[in-house]
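Notes for the structure review
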Amino acid sequence: MDKYSKFYDHLQDAANEFRKIGPGKTIRVVSHLDADGISSCSILIRALTRQNMQFVVSIVQNIDENLAKALKAESHEHVAFTDLGSGQFSILKEYLQGKKVFIFDHHELDSEQEAEGFVHVNPHIFGIDGSKEIAGAGVTYLFAKSLDSRNTEMAHIAIIGAIGDVQENSGFGRLNNEILADAVAAGKIKVVPGLKIFGTQTKPLYKLLAHSSQYRISQITGSESRAIQFLLQTGINPKEGEKWRKLGDLTEDEMKSLVTGILLRRLNEKEPEAIIGPTYILCEESRQSLLRDAKEFSTLLNACGRMDKASLGIGVCLNDKKQKAKAIEHMATYRKEIVKAMNWFEESYNANKIIRGKNYVIINAEDKILHTMIGTLASIISKSNLIENDMFIMSLARMGDGNTKVSLRASSSNNPDLKELISKMAEAVKGTSGGHMGAAGAIIRSEVEQEFIETAKNTFESMNTNLLIDPER
Ligand SMILES: [Mn+2]
């Protein structure tokens, strides 16, 4: 039996075990704060509703002893963790004995993976790479599908979770692809070739082209007027009446001309075709909606989580019209918060207030930036032209409870394993860490910030490119 069959069998066993709980019971659900976590939790909620079960939900940034203690003290006998739990298995094992615990996760495993009363579902247990092949939402989805095949109506949300966890790279791996097939079959998602530029559904086409900083288009990137000229030369009217057209407004023929025109202007780039890739359209959303593009949908969920509005994100996933409208409004506030953080960074950077080394930048925002935004800030900086290639970007912000949140990113295409790197640094100051190879984080006590920063500096300085992971791995 291959690893995939074993994984699917395990999902079936988990569903059988779950059915034993029976209808009417309340499940204590704990999920992760990001887009994948919100997606995971929404899929589980839909499945629980279908089983006539009740639920109490918490969305958290991480699991620590305090959370485990609090859960232990509660009267709920059944606890389900989605998109977290595997990395903190020992803590859960220590505190949640006597409860029935379900974990649906794709993060890397702790030293402990089994305990009495625990059902642990994670692809890593079967040798399947959970950082690439399937996200927390996918694991939860496959469980929900094993429980009741009608839960396939949530397949698109599992895909949004995977996109939120950056598992889409001109296509998906095997397990995500199988979930995508369910979403397509259910009429929820349509895959169409498109441009891999952010804002394809919402920004006017000429702005989209002019501001595609990630993928350079020769003579267009950086100039709105030249973008308009290019469109006209390509036989595409940038306007329809008084309104600027968006990518979604183009006819199939226009789309083909646009793609050809862009490729011609990217011939000198390393990978001219990198700008073209599948886009995932949520067929049931209106043409004008921000939520029509799965990537923007996941950004919106992320924004909800980061701005302390996770419940709004759950409403969006469960297709609640009112919550959707509210969440979209909320996006504007989120964007402002990002702009504020970026402005602060640029000012501080120019004023030499940011710690810089030969291969790293360390941003200690203290209490000037929301701790939930610090990862987003580091990600944006890592992709921006403010920073050279092959740099580590580490950001810190205080959480207001005596702890400091740390995020680590890298501005290189062949990432070193950031999760491993930060876990060593965090251990040195008795902090906790988590995340993935390409985006990791830690929580440390604020009083050891300086010590931690010194450790980080030494670690980065001691690294050379030989330590970078082979991109083929
Ligand atoms: Mn995840």
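Some points on the sheet that holds strand 10 (residues 355-356)
- Pairing in this open sheet of six strands is mixed, and the strands run 10-11-12-13-15-14 from one edge to the other. Where the open sheet ends on each side, the last strands, each with one partner, are strand 10 and strand 14 (432-435).
- Pairing of strand 12 (residues 392-398) with strand 13 (residues 403-410) involves seven bridges; the strand directions are antiparallel. When the sheet's bridge partners are listed, Met394 is paired in strand 13 with Leu408.

What to know about the coordination of the manganese ion
- Summarising the metal site, the manganese ion is bound by the protein donors Asp36 (OD), Asp83 (OD), His106 (NE2) and Asp165 (OD), whose distances to it range over 2.1 to 2.3 Å.
- Counting along the primary sequence, the residues that act as donors to the manganese ion give the motif D-x46-D-x22-H-x58-D. Here Asp36, found in helix 2 (residues 35-50), pairs with Asp165, found in the loop between helix 6 (155-164) and helix 7 (174-185); they are 129 residues apart in sequence, far enough to count as distant.
- The class of Asp36 is buried, set by a relative accessible area of 0%.
- The buried category is assigned to Asp165, whose relative accessible area is 11%.

Some thoughts on the domain arrangement of the chain
- The domain boundaries assigned to the chain delineate domain 1 (3-165) and domain 2 (354-467).
- Centre-to-centre, using C-alpha coordinates, domain 1 lies 28 Å away from domain 2.
- Taken residue by residue, the interface counts eight residues in domain 1 and nine residues in domain 2.
- Taking both partners together, domain 1 and domain 2 bury about 670 Å²; carbon and sulfur atoms supply 52% of that area.
- There are one salt bridge connecting domain 1 and domain 2.
- Residues Glu108 and Lys419 are paired through a salt bridge, measuring 4.0 Å at the closest nitrogen-oxygen approach.
- The interface formed by domain 1 and domain 2 contains one residue pair in polar contact (both at pLDDT 80 or more).
- Here the residues of the side of domain 1 that touches domain 2 sort into one nonpolar, five polar and two charged.

Examining the sheet that holds strand 3 (residues 78-82)
- Read from one edge of the open sheet, five strands run 2-1-3-4-5, paired in parallel fashion. The open sheet has two edge strands, strand 2 (54-60) and strand 5 (118-121), and neither has a second partner. Strand-to-strand, the axes of this sheet are offset by a mean angle of 15°, without reference to chain direction.
- Pairing geometry for strand 1 (residues 26-32) and strand 2, over seven bridges, is parallel. Across the sheet, His32 pairs through a bridge with Val60, a residue of strand 2.
- In the packing of helix 2 onto the sheet, contacts are made with strand 1, strand 2 and strand 3, and the angle to strand 1 comes to roughly 165°.

A short note on the side chain of Ser289
- Along the chain, Ser289 falls in the loop between strand 9 (276-282) and helix 11 (294-306).
- Assessed through its relative accessible area of 12%, Ser289 is described here as buried.

Cut-off values and rules
- Residues numbered from 1 in each chain as written.
- Predicted model: local features only at pLDDT ≥ 70, side-chain atom pairs only at ≥ 80, totals over all residues.
- Heavy atoms only, no water.
- Pairing = 2+ DSSP bridges.
- Helix = DSSP H or I, 4+ residues; strand = E, 2+ residues; numbered from the N terminus.
- Donors = N, O, S within 2.8 Å, 3.2 Å for Na, K, Ca; no water.
- Buried < 20%, exposed > 50% of the residue type's maximum accessible area, 1.4 Å probe, protein only.
- Domains from an automatic or database assignment.
- Contact = heavy atoms within 4.5 Å.
- Buried area = accessible area lost by both parts, 1.4 Å probe.
- Salt bridge = Lys/Arg side-chain N within 4 Å of Asp/Glu carboxyl O.
- Polar contact = N/O pair within 3.5 Å; in protein donor to acceptor, adjacent residues only side chain to side chain.
- Nonpolar A, V, L, I, M, F, W, Y, C, P; charged D, E, K, R; others polar.
- Axes fitted to C-alpha atoms, helices over the stretch in contact; angles between N-to-C directions.

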